[in-house]
Amino acid sequence: IFQRSQYDGPSKTGTYNLAYKHIFKKEGHTLDFEANYSDSKRDQNAFFDTQTTNTANSVNNVVYSDFIKDDQNLSTLNVDYVNPLNDKTTLEAGAEARLTRTENNYNRVNAEDPGQNQISNYTYDTDIYSAYVTFGQKFKKFSYQLGARFESYNVTANLNFGNVKFDDDYITLYPSAYLTYNLTDKNTLQLSYSRRVDRPSLEQTKPIREFSTPLVTSFGNQELRPQFTNSVELNYTKTLEKGSFTTGVFVRRTNDQISRVIYPD
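From a predicted model like this one, the values you see are computed outputs, not experimental measurements.

Thresholds, definitions, all that
Residues numbered from 1 in each chain as written. Predicted model: local features only at pLDDT ≥ 70, side-chain atom pairs only at ≥ 80, totals over all residues. Heavy atoms only, no water. Helix = DSSP H or I, 4+ residues; strand = E, 2+ residues; numbered from the N terminus. Buried < 20%, exposed > 50% of the residue type's maximum accessible area, 1.4 Å probe, protein only. Salt bridge = Lys/Arg side-chain N within 4 Å of Asp/Glu carboxyl O. Core = buried A, V, L, I, M, F, W, Y, C linked by side-chain atoms within 4.5 Å. Contact = heavy atoms within 4.5 Å. Phe/Tyr/Trp six-rings, centres within 6.5 Å; stacked < 30°, edge-to-face > 60°. Lys NZ or Arg CZ within 6 Å of the ring centre and 35° of its normal. Pairing = 2+ DSSP bridges.

Colleague: Lay out unusual backbone geometry in plain terms, naming residues and giving numbers.
Modeller: The residue Asn 160 is not glycine, and still its phi comes out positive at about 55°. Checked against the element boundaries, Asn 160 lands in the loop between strand S7 (142–159) and strand S8 (164–184). Although it is not a glycine, Asp 256 adopts a positive phi angle of roughly 55°. In this structure, Asp 256 sits in the segment after strand S13 (243–255). Given a relative accessible area of 56%, Asp 256 falls into the exposed group.

Colleague: Summarise the pattern of salt bridges; cite the residues concerned and give the values.
Modeller: Under the defined criterion, the tally for this structure stands at 15 salt bridges. Between Arg 101 and Asp 127 there is a salt bridge, with its nearest N and O atoms 2.9 Å apart. You can see Arg 101 sitting in strand S5 (residues 89–109) and its partner Asp 127 sitting in strand S6 (residues 118–138), a full 26 residues away along the chain. Given a relative accessible area of 32%, Arg 101 falls into the partly exposed group. With a shortest N-O distance of 2.8 Å, Arg 149 and Glu 151 are connected by a salt bridge. Classification of Glu 151 by relative accessible area gives buried; the value is 6%. The network of salt bridges with shared partners includes Arg 42, Asp 70, Glu 203 and Lys 206.

Colleague: Account for the nonpolar core, naming residues and giving values.
Modeller: Side chains of nonpolar character tend, in soluble globular proteins, to be buried together. With 11 residues, the main nonpolar core is built from Ile 68, Tyr 106, Tyr 122, Tyr 124, Ile 128, Tyr 153, Val 155, Ala 157, Leu 159, Phe 166 and Ile 208. Broken down by secondary-structure element, the contributors of at least two residues to this core are S6 and S7. In terms of residues, this core owes the most to one element, S7, which gives four residues. Ignoring anything within four residues of it in the chain, the contact list for Val 155 reads Tyr 124, Asp 125, Thr 126, Phe 166, Asp 167 and Asp 168.

Colleague: Could you give me a rundown of the packing of aromatic side chains, with the residues and numbers involved?
Modeller: Evaluation of the coordinates by the stated rule reveals 10 aromatic pairs. With 5.0 Å between their ring centres and 25° between their planes, Phe 48 and Tyr 64 make a pair best called stacked. Of this pair, Phe 48 sits in strand S3 (residues 30–53) while Tyr 64 sits in strand S4 (residues 59–86), and the two are 16 residues apart along the sequence. Comparing Phe 48 with Tyr 64, the two get one shared label, buried. Cluster of aromatic residues (ring-pair linked, three or more members): Tyr 153, Tyr 170, Tyr 174 and Phe 228. Above the plane of the ring of Tyr 174 lies Arg 149, whose end atom (NZ or CZ) is 4.4 Å from the centre. When the ring centre of Phe 250 is taken as origin, the NZ or CZ atom of Arg 252, which lies over that ring, is 4.1 Å away.

Colleague: Tell me about the pairing of S7, residues and numbers included.
Modeller: As defined by bridge partners, S6 adjoins S7 across 17 bridges and the pair is classed as antiparallel. Paired with Asp 125 across the strands is Thr 156, a residue of S7. Counting the residues in the hairpin turn of S6 and S7 gives three residues. Sheet analysis places S7 next to S8, joined by 18 bridges and oriented antiparallel. Across the sheet, Thr 156 pairs through a bridge with Asp 167, a residue of S8.

Next comes the structure, spelled out in structure tokens:
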């Protein structure tokens, strides 16, 4: 098997940002607002020439072209508030909206076998709304910070204008806790717990090929769900004369881990 392939095409991205910060009279008391918008357009023109030789040494050629047009825009709005209630206590809170709109158009052209031609349209939209609050206090040798983030997540995927659909909608809580104890001025212990999420990328969900070889074609799974990780860490830090040294142990458990699966094709 031999394949000659060629990929080319332009891409363009524009990003716009607006930020505002209000500083109150009290030191450290702030209110931040930020808005971002990005628009990405990427075209890909691909050419494939695959040759296979059978046991009789006869050569079979499969020649076709791919045209992919990807359009994506991302809008984010977030506000963050910090208020040091006193010398030892700090309150932080905030909210964010993250909206993604994606459309992908795919066209495969096989001049020798028009029956292999294919046209596909895929859209993948996500709406994420979140709010968080953290509260921290400091004592002589001990300090802590407790936090929680609430998140509403909605995804809608459509292949070929609703021929294949996928919807998911849920609310999740992400708690966190950080405890710090100063054994001495130069020796510190920190224990922490956090829960985080890793969401699939567009390429991991898009059922349109990412790349293709004679034996492997890479494409995504639109029903792919986010993976969640719970993490517990214990760290020790020693401050030196010209730097510091840190060592630690951690345990992490991931549910619904995202990974690549290979099927014969």
